[in-house]
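# Secondary and tertiary structure notes
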Amino acid sequence: MILSVDNLHVNFTTGSGILEAVRGVGFSLDKGEILGIVGESGSGKSVTAHALMRLVPPNGAIIAGAIAYRGRDIAALGPEELRAFRGREVAMIFQEPGRSFDPIYSIGRSLAETLRAHEPGLSDDEVRARSIRLLEEVHVSNPESRLDNFPHQFSGGLLQRIMIAHALAGDPAVLIADEPTTALDVTIQAGVIDLLRELRLRRGLAIIFITHNLALISGFADRLVVMYAGMVMEEGPVDTVIRAPRHPYTAGLLGSLVPFGTHHSEHPLHILAGTPPDPTRHEAGCPFAPRCPLVTDACHTEVPEIREDAGVRYRCIIPGAKTVATND
Ligand SMILES: Nc1ncnc2c1ncn2[C@@H]1O[C@H](COP(=O)(O)OP(=O)(O)O)[C@@H](O)[C@H]1O
Ligand code: SF4
Ligand SMILES: [Mg+2]
């Protein structure tokens, strides 16, 4: 295990009171593993990812929980250690590559800055050689001439590859990719995912891939964490979770959840009705209860305990795999 998160809670202070963005999240990541984190917008995926690097906005705070990297509590890192940790141990890429680049810096200049931030003593020649190698590694063609180009001269897909090159500059063991393909079209998305797969094989890189699109990671991740309302609802090997979702929310994301006795034609597939709860007003009980077709009175009393079944952990009072619709 390279990274573990246990009972993480992150709160924000907002105009409408305390917003509980992350409520007891826990999972672990093995060396070279691809972990998918999936959930609708607002479920706490990005806040969790940032908390892993101890990057919480000023109005937020990690109020409980432990994050350990190679067995070491990251809350105990001093400023110097934290700087080295970010980028050289765990690096992160984001959704909109365009916004991460300074438009007045050439790609070569910004890569040089990143490389020197990790290793201040590098010579100009060494920086150039390493920049070229990094661009080659992410399959940017003609890297030597492209170093002199500016961000606006690249497509969104190429900028995302260059952002991955930045993330690799510190030779991290873990890459957190927060919706890295959401702004890209489908073919380009697939290219970025192929690249990440390749980097895992070549570098033994562990990857946390965050998305709201379950279909995107089903053939890519090894394990899946399904988040809802700041909590992990289901976690397990990707094939098992997708074949036989134990949590009604996962089944809903898969477009396969129907209430018992309902014919599929009465229940449009791939549409999850309702909206997530207001994070400033969490109610008692299962957070999915207002949207759950399987809800019972008992669901409203407390947050369901975690159950374990076939290597899958899930929070639902009803044991076993949930109803899956078929098209016949
Ligand atoms: N700086 C902030 N101040 C207040 N609320 C925030 C802040 N950042 C995130 N949130 C809230 O925390 C919750 C989780 O957000 P986020 O982790 O970004 O969701 P997502 O799963 O879409 O990545 C949301 O309700 C969001 O509005
Ligand atoms: S605990 Fe109840 S409301 Fe929550 S997911 Fe399970 S059946 Fe649905
Ligand atoms: Mg997000």
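A brief look at the structure comes next. (Residues numbered from 1 in each chain as written. Chains lettered and ligands numbered in written order. Predicted model: local features only at pLDDT ≥ 70, side-chain atom pairs only at ≥ 80, totals over all residues.)

### Brief notes about the sheet that holds strand S12 (residues 312-315)
The strands that make up a sheet are held in pairs by hydrogen bonds between backbone atoms, and each pair lies either parallel or antiparallel. The strand order S6-S7-S8-S3-S9-S10-S12-S11 describes an open sheet built from 8 strands, whose pairing is mixed. Looking at which strands have only one partner, the edges of the open sheet turn out to be strand S6 (90-93) and strand S11 (306-309). Each strand of the sheet is rotated relative to its neighbour by a mean of 20 degrees, with strand direction disregarded. (Pairing = 2+ DSSP bridges. Helix = DSSP H or I, 4+ residues; strand = E, 2+ residues; numbered from the N terminus. Axes fitted to C-alpha atoms, helices over the stretch in contact; angles between N-to-C directions.)

### Points about the packing of helix H7 (residues 156-168) against helix H8 (residues 186-203)
Running from N to C, H7 and H8 point in directions that differ by 20 degrees, and their axes come no closer than 10 Å. On the basis of the axis angle, H7 is roughly parallel to H8. Crossing of H7 against H8: the hand is right-handed. Contacts between H7 and H8 involve Gly-157, Gln-160, Arg-161 and Ile-164 from the first element and Ile-188, Gly-191, Val-192 and Leu-195 from the second. Partitioned by chemical class, the residues of the contact of H7 with H8 number 4 nonpolar, 3 polar and 1 charged. (Parallel < 35°, antiparallel > 145°, perpendicular 65-115°, else oblique. Left-handed = near helix turned anticlockwise from the far one by under 90°. Contact = placed C-beta atoms within 7 Å. Nonpolar A, V, L, I, M, F, W, Y, C, P; charged D, E, K, R; others polar.)

### Some words on the pairing of strand S9 (residues 223-228)
Regular strands place their side chains on alternate faces of the sheet. Counting buried positions along S9 gives 6 out of 6 residues, so the element sits mostly inside the fold. Where burial is concerned, the two faces of S9 agree: the one with Arg-223, Val-225 and Met-227 and the one with Leu-224, Val-226 and Tyr-228 are both buried. Note: strand S3 (residues 34-38) against S9, 4 bridges, orientation parallel. By the bridge assignment for S9, Val-38 is matched with Val-226. Pairing between S9 and strand S10 (residues 231-237): 6 bridges, direction antiparallel. Bridge pairing in S10 places Leu-224 opposite Gly-236. (Buried ≥ 20, exposed ≤ 12 C-beta atoms within 10 Å, placed from the backbone.)

### Some remarks on helix H4 (residues 107-118)
Relative to the 16 Å expected for 12 residues at 1.5 Å per residue, H4 spans 17 Å between its end C-alpha atoms, a close match to the ideal helical length. In this structure, the buried residues of H4 make contact with helix H5 (124-137), helix H6 (143-146) and H7. (Expected span 1.5 Å × (residues − 1).)

### A short note on the site of ligand 2
The full set of residues close to ligand 2 is Pro-248, Cys-286, Phe-288, Ala-289, Cys-292, Leu-294, Val-295, Cys-299, Pro-304, Cys-316, Ile-317 and Ile-318. For the shell around ligand 2, a count of residues per class yields 12 nonpolar, no polar and no charged. (Near = placed C-beta within 6 Å.)

### What to know about the sheet that holds strand S4 (residues 60-69)
The 4 strands lie next to each other as S2-S1-S4-S5, forming an open sheet whose pairing is antiparallel. Two strands bound the open sheet, and with one partner strand each, they are strand S2 (17-29) and strand S5 (72-73). For strand S1 (residues 3-14) and S2, the ladder comprises 10 bridges, and the chain directions are antiparallel. Its bridge partner lying in S2, Thr-13 is registered against Ile-18.

### Here we look at the site of ligand 1
The environment of ligand 1 is made up of 16 residues, and the closest members are Phe-12, Ala-21, Lys-45, Ser-46 and Val-47. Elements that contribute at least two residues to the shell around ligand 1 include exactly S1, S2 and helix H1 (45-52). In terms of residues, the shell around ligand 1 owes the most to one element, H1, which gives 3 residues. Among the residues forming the shell around ligand 1, the class breakdown is 6 nonpolar, 9 polar and 1 charged.

### Brief notes about the pairing of S12
In this sheet, S12 lies alongside S10 in antiparallel orientation, the contact comprising 2 bridges. Paired with Glu-234 across the two strands is Tyr-314, which belongs to S12. Pairing of S11 with S12 involves 4 bridges; the strand directions are antiparallel. By the bridge assignment for S12, Arg-307 is matched with Tyr-314. In this structure, the hairpin formed by S11 and S12 is closed by a connection of 2 residues, where Ala-310 is found at a positive phi of approximately 50 degrees.

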